Amino acid sequence: MPKSQLGELVSDLPPIQAVFVTVMPDCLLYDSWMKSEEDWEVEDVAAYFGDLVRANREGLKSLGSWSDEMQVTIESADKLIVMREIQKSFVCSCVFEQGTALGMVRLHLRRLLERLPPLLPTFEVEERPRGVRILEFLQRYAPDPHAVLLRASLRTGLSLDQLQSPADLEAEEVERLEAAATRILGLRALNL
């Protein structure tokens, strides 16, 4: 979808400050639009919003309360952010002005979500190797990401060369990498 189309979709929705479309499950930026020039790293924003939706989905599943109509809403001092899954492969995240009434947010979001899906490609998501997804997750969230490969190598016993080609890891090596990642990040599990 050309970036100009996303801007056209929201041109009549004044409270929207930005829109990010994230490809799932890898949380990669597909497209974005911002009302004004911000110094946001749009790839990072899209990845974090995708991760938030994925974590929220897993949390709701653990409670037995997940549905396709799930949406994540975050209110900060100056922004209102709403994230919603579209189809199985995309998340749409909208940044609104903080003072926007929730009823208006829902109305504008519904309008956008009616317009957006026909412009998105349809494809089957090819599952990337788990080792690759684990290392990308570690590099995104680990403290000192510049040293994450070394830390993972020390905890797993795998060489740096092996970790630089995570798609080639054996199943047992991927299990060791995942165990090391959970320890490095202080998590019980990586919901990837």
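Criteria and cut-off values
Residues numbered from 1 in each chain as written. Predicted model: local features only at pLDDT ≥ 70, side-chain atom pairs only at ≥ 80, totals over all residues. Heavy atoms only, no water. Helix = DSSP H or I, 4+ residues; strand = E, 2+ residues; numbered from the N terminus. Buried < 20%, exposed > 50% of the residue type's maximum accessible area, 1.4 Å probe, protein only. Contact = heavy atoms within 4.5 Å. Areas by Shrake-Rupley, 256 points an atom, 1.4 Å probe, with all protein chains shown as cover. Lys, Arg positive; Asp, Glu negative; His and termini not counted. Charge placed at Lys NZ, Arg CZ, Asp CG, Glu CD. Patch = residues over 30% accessible without salt bridge, like charges linked within 9 Å, V, L, I, M, F, W, Y side chains within 5 Å. Salt bridge = Lys/Arg side-chain N within 4 Å of Asp/Glu carboxyl O. Axes fitted to C-alpha atoms, helices over the stretch in contact; angles between N-to-C directions. Parallel < 35°, antiparallel > 145°, perpendicular 65-115°, else oblique. Left-handed = near helix turned anticlockwise from the far one by under 90°. Core = buried A, V, L, I, M, F, W, Y, C linked by side-chain atoms within 4.5 Å.

Right, let's talk about the overall build of the protein for a bit. Check the secondary structure of the protein and you find seven helices and five strands. When the helices and strands of the protein are placed in sequence order, the string is α-β-β-α-β-β-β-α-α-α-α-α. The dimensions of the protein, computed from C-alpha atoms along their principal axes, are 55 × 35 × 35 Å. Across the 192 residues that make up the protein, the buried fraction comes to 43%. Intrachain contacts of the protein at a sequence separation of at least 6 include 55% that bridge at least 24 residues. Accessible surface, the protein as shown: approximately 10,500 Å² in total, 51% of it carbon and sulfur. Of the side chains in the protein, 21 bear a positive and 31 a negative charge, and the two mean positions are spaced by 5 Å.

Among the surface-exposed residues, Leu150, Leu154 and Leu160 lie close enough to one another that they form a single nonpolar patch of about 300 Å² accessible area. Relative accessible area serves as the criterion here: at 37%, Leu160 is assigned to the partly exposed category.

Within the structure shown, the criterion is met by nine salt bridges. A salt bridge links Glu85 to Arg57; the shortest N-O distance between them is 3.0 Å. Of the two residues, Glu85 sits in strand 4 (residues 79-86) while Arg57 sits in helix 2 (residues 42-62), which places them 28 residues apart along the sequence. As far as burial versus exposure is concerned, Glu85 and Arg57 are alike and both buried. Here Asp78 and Lys79 are joined by a salt bridge, their closest N and O atoms 3.1 Å apart. Bridged by salt links that share partners, the residues Asp26, Arg128 and Glu136 form one connected network.

Below, the discussion takes up the packing of helix 4 (residues 130-141) against helix 5 (residues 148-156). Where helix 4 meets helix 5, the axes come as close as 10 Å, and the angle between the chain directions of the two elements is 125°. In this view, helix 4 runs oblique relative to helix 5, as classed from their interaxial angle. At the point where helix 4 passes helix 5, the crossing takes the right-handed sense. Side by side, helix 4 and helix 5 meet where Leu135, Leu138 and Gln139 of the first sit next to Val148, Leu149 and Ala152 of the second.

Residue placement: Gln98 occurs in the loop between strand 5 (90-97) and helix 3 (102-115). When neighbours within four sequence positions are excluded, Gln98 is seen to be in contact with Glu75, Ser76, Ala77, Asp78, Lys79 and Leu80.

Core analysis: the biggest nonpolar cluster contains 21 residues, and Val19, Cys92, Leu112 and Leu116 have the highest contact counts within it. Among the elements of the structure, helix 1 (3-10), strand 1 (16-23), strand 4, strand 5 and helix 3 are those that each provide at least two residues to this core. Every residue in contact with Cys92, bar those within four places of it in the chain, is listed here: Val19, Phe20, Val82, Met83, Arg84, Ile86, Leu112, Leu113 and Leu116. Judged by nonpolar contacts, the second largest core, of 17 residues, contains Leu138, Val148, Leu169 and Val174.

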